[in-house]
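Chain residues, written in single-letter form:
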Amino acid sequence: MSRYLLTRVGTLLLSLLLASVVVFAVLRFLPGDSAGTSLGVGTTSEQLEQLRADLGTDQPLWTQYGQWVAGLFSGSAGTSFVSRLPVGELIASKLPITLPLSLAAFVVSVLVSVPLGVVAAVRRRGVVGVAVSAVSQLGVAVPVFWVGVILVWVFALEAGVLPAGGFPRQGWEDPAAAVRSLVLPVATVAIAMSSVMVRYVRSATLDVLDQDYVRTARSLGYGRWHALARHGLRNGAVPVVAILGIELATSLLGAVVVENVFALPGLGTLLVSSVAGRDLPVVQALVLGLTALVLVTNFLVDLAQRGIDPRLRAGSALGGAR
Amino acid sequence: MTPSTSLTPSTAVPTPSTAGLEVRDLTVATSSGRVLLDRVSWHVAPGERLGVIGESGSGKSLTAAAILGLLPDGMTATGQVLLDGTDLLPLGEKALRRVRGARVAMVFQEPLTALDPLMTVGRQISGPLRLHRKVSRARAAEIAADLCRLVRLDDTERILGSYPWQLSGGQRQRACLAMALACEPDVLIADEPTTALDVTVQAEILDLLDDLIERTGTALVFVSHDLPVVARVTRDLVVMRHGKVVETTTVARALDAPEDPYTRSLLAAARAVTHLPTLEDR
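Because the structure is a prediction, the values reported are computed rather than measured.

We now examine the overall build of chain B. Each helix and strand counted, chain B has 11 helices and 10 strands in total. Here chain B holds 282 residues, and 46% of them are scored as buried. Look at the contacts in chain B between residues 6 or more apart in sequence, and 69% of them connect residues 24 or more apart.

As structure tokens, then:
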């Protein structure tokens, strides 16, 4: 195990390093000049040169990359070209919106989709099973922002029970208002995610239900649900955990879209405005951060799957025996 | 042997009491009305053995599923399945659960898939004990170790702590037998229990089965397509084809003078296979 862990951590670090190179390079080769964008039209070339020298963009690329990575290791992600604030501070100020939004959406969608998916599988020919499948199909087909717009229309404009968008100026100092402003965005992301996850949970459960060992359990006197709980949870968890990992990343990406629909000043809004303003330090920190999150999640998914399935721990020779 | 649970008499249909397991005019049909089992009848007395033989698709396994009330969705069974005189067919799911594993247990063809790959063999064998007998985890583990010795699984400690995929095919089927016999059932239904095993292991399992039935007093219903295999463990024989019983006979009579043409053809097929010329014959 420890040797596996060492190799896996090594791979993770290497992937992160590679990701940083790719993120840095891609952003440098995209069209658009940071200095030009921030100064606007009608500036002299001397002013541009001066600004480029200030920002450090006149340095060779490898020097810029080296400075960036060295900064990251010392805990600094650079300074925003636009606001001249430290990037870390800028991102940290947006986390109290994006983090609760995506985590709540993730938790809600797990709580909704796991039971629904299991019921839909066990009662696959019943009314509930067919209804769950049909509704989830609809949920997958409909774009996230459209769900948001419909929710705003129903709950904010017609019923008037929740705000249509925005976040209280005093933030989490007014918890009730902060929560109220996050309800519809969370629901929007959760609906989109649950629709996808319900289908995975349903098919994982169906897969388990068709297994011989469930038949064995039934022949020994276990009830349908009892047999499923005894054998389904672990066996079904292996594929579902992989999906959860992907969906955790999806919840962050969903937050990016939904923040713009609901005018929430979170990471998504920051990302969109930074891209528009060619604010490279902010964009590359955000993109690298998201990439790192996906890589770390995958790493954790791998560990979780090994924890669940002893065949994965036994090595590849036995791993295929099933 | 004392059954750990008894059936509620209120739900039972009064019938002339017969000890053992009796199937009377058992008919299984799909919701569209297709008849898959047609008035199947046979009887196995306590401690006795019965071979149910027929080609694949003859309804052998379906009979077993109908007895335990585990037919696939959309199939219905009529007739009677009498366990010590009590009809199991009208019983509800809850009452049936007290029969399955405790009074009628089953062993399946493929021992690898019949066991949960993510659960240790020990936990799987203790499962029915914890379910039906409500014994403690520690007590169940003790009984599981005894059961391992009963089915001649040596190196008990290691086997109980292993996952099914860490065992050989023969060991897995022994574990399945231990699991099925855990609650000392009155009847054991073995559905092609040796078909997935290689020949030497097959012989070991058949010997074990023979010995277990002798020692535990459990009645055995041995389902197979293979007459020579059935002949090793049973005397009485039911021959099935296309969902019907075509002949009720004994192994000796079937081998000597089979009445039904289908039984004759099964025998001929078996002889053709078992008497293939070897290098020494030339």
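Let us now look at the sheet that holds strand β8 (residues 219–224) of chain B. All names here are of chain B. Spatially, β6-β7-β8-β3-β9-β10 is the arrangement adopted by the six strands of the open sheet, whose pairing is mixed. In this open sheet, the two strands that pair with only one neighbour each are β6 (104–107) and β10 (244–250). Averaged over all adjacent pairs, the angle separating strand axes in this sheet is 20°, with direction ignored. Judged from the five bridges that link them, strand β3 (residues 49–53) and β8 form a sheet pairing that is parallel. Within β8, the position partnered with Arg 49 by the bridge is Leu 220. Together, β3, β6, β7 (187–191), β8 and β9 (236–241) form the strand contacts of helix α1 (residues 60–67), whose direction differs from that of β7 by roughly 145°.

Mapped onto this structure's residue numbering, the UniProt feature "domain: ABC transporter" (unreviewed entry) falls at residues 21–267 of chain B. As annotated, residues 21–267 of chain B has a helix share of 42% and a strand share of 26%, and its two end C-alpha atoms lie 27 Å apart.

Attention shifts here to the UniProt feature "transmembrane region" (unreviewed entry) in chain A. All names here are of chain A. Mapped onto this numbering, the UniProt entry gives "transmembrane region" (unreviewed entry) at residues 12–30, 103–122, 134–157, 177–198, 240–262 and 282–301. In residues 12–30, the share of helix is 95% and the share of strand is 0%. The end C-alpha atoms are 27 Å apart. Along residues 103–122, the helical share is 100% and the strand share 0%, with 29 Å between the first and last C-alpha atoms.

A separate point is the sheet that holds strand β1 (residues 21–30) of chain B. All names here are of chain B. In space, the four strands of this open sheet follow the order β2-β1-β4-β5, with antiparallel pairing throughout. This sheet does not close on itself; its edge strands, each paired only once, are β2 (35–44) and β5 (86–87). The sheet contact formed by strand β4 (residues 75–83) and β5 spans two bridges and is antiparallel. The residue of β5 that forms the bridge with Leu 82 is Asp 87. In the packing of α1 onto the sheet, contacts are made with β1, β2 and β4, and the angle to β1 comes to roughly 105°.

Residues and elements named next belong to chain A. Domain parsing of chain A yields domain 1 (2–73) and domain 2 (87–321). Placing a centre on the C-alpha atoms of domain 1 and another on those of domain 2 gives a separation of 31 Å. Counting from both sides, the interface comprises 13 residues of domain 1 and, opposite them, 12 residues of domain 2. Where the side of domain 1 that touches domain 2 is concerned, the elements lending two or more residues are α1 (2–29) and α2 (34–39).

Another aspect to go through is α1(B). Buried residues dominate α1(B), accounting for seven of its eight residues. Following α1(B) by one or two positions, Gly69(B) has its phi on the positive side, about 70°.

Turning to the interface of chain A and chain B, a few remarks are in order. Frequently, the measure chosen for interface size is the accessible area removed from exposure when the parts meet. In this complex, chain A contributes 21 residues to the contact, which on the side of chain B involves 25 residues. At five residues, the largest contribution of residues to the side of chain A that touches chain B is made by helix α9 (residues 212–219) of chain A. For the side of chain A that touches chain B, the residue count by class is seven nonpolar, seven polar and seven charged.

What counts, and at which threshold
Residues numbered from 1 in each chain as written. Chains lettered and ligands numbered in written order. Predicted model: local features only at pLDDT ≥ 70, side-chain atom pairs only at ≥ 80, totals over all residues. Helix = DSSP H or I, 4+ residues; strand = E, 2+ residues; numbered from the N terminus. Buried ≥ 20, exposed ≤ 12 C-beta atoms within 10 Å, placed from the backbone. Contact = placed C-beta atoms within 7 Å. Pairing = 2+ DSSP bridges. Axes fitted to C-alpha atoms, helices over the stretch in contact; angles between N-to-C directions. UniProt positions renumbered as here; feature names shortened; annotations may be inferred. Domains from an automatic or database assignment. Nonpolar A, V, L, I, M, F, W, Y, C, P; charged D, E, K, R; others polar.

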